[in-house]
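Summary of structural features
Take a look at the letters that make up each chain.
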Amino acid sequence: MDKAAALLKQCQSDANVCRTLSAATAACTEKCGKCWAVLPLSPSSMTEVHSVVKDGSGQLGVVLVAEQGPVSQMEVLRAMEYGGVYVAAESMEGPGAMEVLAEAACFDAGPSLVLLAEANAIQADYRWTAFKHDPRRESQGLEPFCTQSDRVREEIQGFLSRQNLLTLIARKCLPKECAAGDAGGDLCQGLADASKTVTILYTSDTGHGEECAKAVARQCRAGGYASSAVRCGTLDSFDVSALATEPLIVFCVATAGKGEFPGNGRNFWNKLNDRSDLDLKELKYCIFGLGDSHYWGKGTEDSRVNFAKPARELDDLLEKMGAQRFLPTGFGDDQDVDQYHTGFGDWKSQLYSRLGVDKAEGGGGGDDGPVKTDEQIKCETRQLRGSMKESLDDITTGQVPFQDTKLIKSHGSYQQDDRDMREERQKMGVENAFSFMIRVRLPGGYCTAEQWIAMDDICQNFANGTLKITTRQTWQVHGVLKRDVKNTMRAMNKACMDTLAACGDVCRNVLCTSRPDVCSKELHQEILDYTYAIHDHCLPRSGAYHEIFLMQGDDMAEKTQIMGSIPVEEEPLYGLTYLPRKFKVAVAIPPSNDVDLFAHCAGFIAIIEHGKLQGFNVAVGGGLGFTHSNQKTHPRLADVIGFCRPSDAKYVCECILTVARDFGDRTGRKHARIKYTVE
């Protein structure tokens, strides 16, 4: 305590140093310049400091002395939230102590708070971070927070990330420019835009109502609504009591049975009928109803009465409760040429115009209904690039846009969410708990002990702690948050692994018999080498994976392909559209068939004579997948069509792959595997 007071006297010879906060506060009204309180760091002193600093005078200065460890820096850091406060943390014996005290003494825009730690209190704390937060740096175009430490304490980094996120959201939502003549009006408009929200509720058994609702949600986000301000969920997930507090609700209501509400909307409808006390005068709403005008016979009374009946009944009830109709109710009829898309196209155009999002190019525009096809998405993503890099860098939401959920599959990942939390989070008005599954490319299932250890560390540091071994001889991790996706990919890359082509409409991970007793070690290695050759030959050649996930900083200036030194901008095997569906390959070593070779698109059966590999018998057209309700789909075992030399195996696989590429069914993904092309 005395040492801190002495340092203050060195910085400011006439410094008024008090031993209590109340004395320093009282002195602020009597004297010019900083009046200091030197206090020991403790929970009680921090509580007292916060109560004074948050509305304290610019003359007040506080020095907190940490004499013993462990030292918590979080409470000191919190003072930054008050705005206009100089905050610093330094070692008492360090060269920076005098510097921060001098800066704090001449800071007159608000209070100053300095934490000084004795050397013995922090010498064993490797996480200690010396820092300063000087609001004056902002006027110079610099970040107010700075540190000379190589490492930043985890809780400090978390605090800063949250502060940066709030700043980012404010900049994203508030207008960037204000007209000089009407600054006040522009500010009001900006605040109104920042607070605008829209809730989209749907009920549907077939998924058509959900598809329409999600198309509206995507358009609103693309049109400038903050992701957190666009809420989309089922009718039953919404609390009827909250209707009166909503500014705008868009309903997409399908029809079930004989004019009934679908299963995920009945509870909402029943509860709404029981709430005659609700006053909905402040609520604006609009409804799109889906139905079939001929479901009970063309021109019959039942068809007329029951067509989109739930939507019409909901419209009548909301109107009786005083709600304001935002625009006329729209209807989608399955009897139209384009089914419900015809009516939805007309209705959504009016809605987007009223919402001010009609100029945005959202996923679901054009002539293809609410959702673009996979084939369109592949063509428009610039060899698997799309907007993936920008989407992963956007920390205001935990998900990537719809189009990028399709694209990221080709890079070995799927976007998922916690189903158990969906309803609860929808009631809270927040987006689903999104995360990502990431799958490693591991041909033949071969890995080293070091790679196994690296994967164990990755799943602990970035995922949910579970390392899953798949049925196709590789690993995958689950629960990776969007902000950690790139770090996960980079950690895998450091262990000489990647996720390229682990998922998506490309040649997937190539399997190989793993049993060590089927042949000699040398022969097994030779066949594994040919497995690698097949896999590497059929890899996508786009540099997108490297650009999106691995490059950072100045490295972006030098575009380098992941498997070579020259960037390839056009796929030699896959072209723009890649394959209609996934392409699975396996290599089997008789007598073992642990890879289930005849269930693959292409299979290679090793032919061994006198301990030497002679070549491979080639099988084509296998696959066990099918859809129960679709008679066009069925399981099929592969046919053996011929023999090839070992060195030709990769070229034979290429030929089979290009047949799938050129002749596969691209009109329906359930009928797109090569087994149907063979038939």
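Considerations on the overall build of the protein chain
- Scanning the protein chain from terminus to terminus reveals 23 helices and 22 strands.
- The buried share among the 679 residues of the protein chain stands at 48%.
- Within the protein chain, residue pairs in contact and separated by at least 24 positions form 70% of the contacts whose partners lie at least 6 positions apart.
- Carbon and sulfur atoms make up 50% of the accessible area of the protein chain, which totals about 32,600 Å².

Digging into helix H20 (residues 521–537)
- For H20, built from 17 residues, the straight-helix expectation of 24 Å at 1.5 Å per residue is met to within 8% by its first-to-last C-alpha distance of 24 Å.
- Considered for burial, the residues of H20 that qualify are Leu-523, His-524, Ile-527, Leu-528, Thr-531, Ile-534, His-535 and His-537.
- The inward-facing, buried residues of H20 abut strand S18 (511–512), strand S19 (585–588), strand S20 (602–609), strand S21 (612–620) and helix H22 (649–663).

Brief notes about the packing of helix H9 (residues 208–222) against helix H13 (residues 340–355)
- Direction vectors running N to C along H9 and H13 enclose 30°, while the axes themselves pass 11 Å from each other. Taken together, the axes of H9 and H13 are roughly parallel relative to one another. Viewed along their axes, H9 and H13 form a crossing whose handedness is right-handed. The segment H9 lies against H13, with His-208, Glu-211, Cys-212, Ala-215, Val-216, Gln-219 and Cys-220 engaging Tyr-340, His-341, Phe-344, Leu-351, Tyr-352 and Leu-355.
- Its residues assigned to classes, the contact of H9 with H13 comprises nine nonpolar, three polar and one charged.

Regarding the nonpolar core
- By size, the foremost hydrophobic cluster in this structure holds 65 residues, and its most contacted members are Ile-527, Phe-549, Tyr-574, Phe-583, Val-585, Phe-604 and Phe-616.
- Contact partners of Phe-616, with chain neighbours within four places excluded, come to Ile-527, Tyr-530, Val-587, Phe-604, Ile-605, Ala-606, Ile-607, Gly-642, Phe-643, Cys-644, Pro-646 and Ala-649.
- Membership of the second largest hydrophobic core comes to 34 residues, among which are Ala-24, Cys-28, Cys-35 and Ala-79.

Notes on the pattern of salt bridges
- Per the counting criterion, the structure on display carries 26 salt bridges.
- With its nearest N and O atoms 3.6 Å apart, the salt bridge here joins Asp-536 to Arg-441. Here the residue Asp-536 occupies a position in helix H20, and Arg-441 occupies one in the loop between strand S15 (434–439) and helix H18 (449–461), the gap between them amounting to 95 residues.
- Judged by relative accessible area, which is 28%, Asp-536 ranks as partly exposed.
- The exposure class of Arg-441 is buried, given its relative accessible area of 11%.
- Here the residues in one salt-bridge network are Glu-375, Lys-378, Asp-505, Arg-666 and Arg-669, joined through shared partners.

A look at the environment of Leu-290
- Tracing the chain through its elements places Leu-290 in strand S11 (residues 284–291).
- As a C-alpha pair, Leu-290 and Gln-339 span 49 residues in sequence and 9.6 Å in three-dimensional space.
- Those residues within four positions of Leu-290 in sequence are excluded, and the remaining contacts are His-208, Gly-209, Cys-212, Val-253, Ala-254, Thr-255, Ala-308, Gly-332 and Tyr-340.

Thoughts on the packing of H20 against H22
- Two elements in contact, H20 and H22, have axes separated by 8 Å at closest approach and are oriented at 40°. In this structure, the crossing between H20 and H22 has a hand that is right-handed. In this structure, H20 contributes Ala-533, Ile-534 and His-537 to the contact, and H22 contributes Ala-649, Lys-650, Tyr-651, Cys-653 and Glu-654.
- Across the contact of H20 with H22, the residue classes tally to five nonpolar, one polar and two charged.

Some words on the confidence of the model for the protein chain
- Considering every residue of the protein chain, the mean pLDDT works out to 83; 87% of them sit at 70 or more.
- The spread of mean pLDDT over the elements of the protein chain runs between helix H8 (residues 183–195), the lowest at 44, and S19, the highest at 97.
- Low pLDDT, under 50, characterises residues 557–568; the stretch is placed with 24 contacts to residues that sit more than four places away or in other chains.

Side note on the packing of aromatic side chains
- The final tally for this structure, using the stated rule, is 13 aromatic pairs.
- Considering the side-chain rings of Trp-452 and Trp-475, the 5.5 Å spacing of their centres and the 80° angle between planes classify their relative orientation as edge-to-face. Of this pair, Trp-452 sits in helix H18 while Trp-475 sits in strand S17 (residues 475–480), placing them 23 residues apart in sequence.
- Look at Tyr-545 and Phe-549: their rings are 5.4 Å apart centre to centre, the planes differ by 45°, and that puts the pair in the tilted class. Of the two residues, Tyr-545 and Phe-549 both sit in helix H21 (residues 544–550), four residues apart, roughly one turn of that helix.

With respect to the side chain of His-524
- Here His-524 is to be found in helix H20.
- The residues touching His-524, leaving out its near neighbours within four places in the chain, are Thr-513, Ser-514, Arg-515, Val-518, Cys-519 and Ile-589.

Quick word on the sheet that holds strand S6 (residues 131–133)
- Read across the open sheet, the seven strands follow the order S1-S2-S3-S5-S4-S6-S7; overall the sheet is mixed. One side of each edge strand has no neighbouring strand; the edge strands of this open sheet are strand S1 (16–18) and strand S7 (145–147). Going across the sheet, the axis of each strand differs from the next one's by a mean of 20°, ignoring polarity.
- With three bridges joining them, S6 and S7 adopt antiparallel strand pairing. Bridged to Phe-131 within S7 is Thr-147.
- Lying on the sheet, helix H5 (residues 96–105) is in contact with strand S2 (35–40), strand S3 (60–66), strand S4 (86–91), strand S5 (112–117) and S6; it crosses S4 at an angle near 165°.

Conventions adopted
Residues numbered from 1 in each chain as written. Predicted model: local features only at pLDDT ≥ 70, side-chain atom pairs only at ≥ 80, totals over all residues. Heavy atoms only, no water. Helix = DSSP H or I, 4+ residues; strand = E, 2+ residues; numbered from the N terminus. Buried < 20%, exposed > 50% of the residue type's maximum accessible area, 1.4 Å probe, protein only. Contact = heavy atoms within 4.5 Å. Areas by Shrake-Rupley, 256 points an atom, 1.4 Å probe, with all protein chains shown as cover. Expected span 1.5 Å × (residues − 1). Axes fitted to C-alpha atoms, helices over the stretch in contact; angles between N-to-C directions. Parallel < 35°, antiparallel > 145°, perpendicular 65-115°, else oblique. Left-handed = near helix turned anticlockwise from the far one by under 90°. Nonpolar A, V, L, I, M, F, W, Y, C, P; charged D, E, K, R; others polar. Core = buried A, V, L, I, M, F, W, Y, C linked by side-chain atoms within 4.5 Å. Salt bridge = Lys/Arg side-chain N within 4 Å of Asp/Glu carboxyl O. pLDDT = per-residue confidence, 0-100. Phe/Tyr/Trp six-rings, centres within 6.5 Å; stacked < 30°, edge-to-face > 60°. Pairing = 2+ DSSP bridges.

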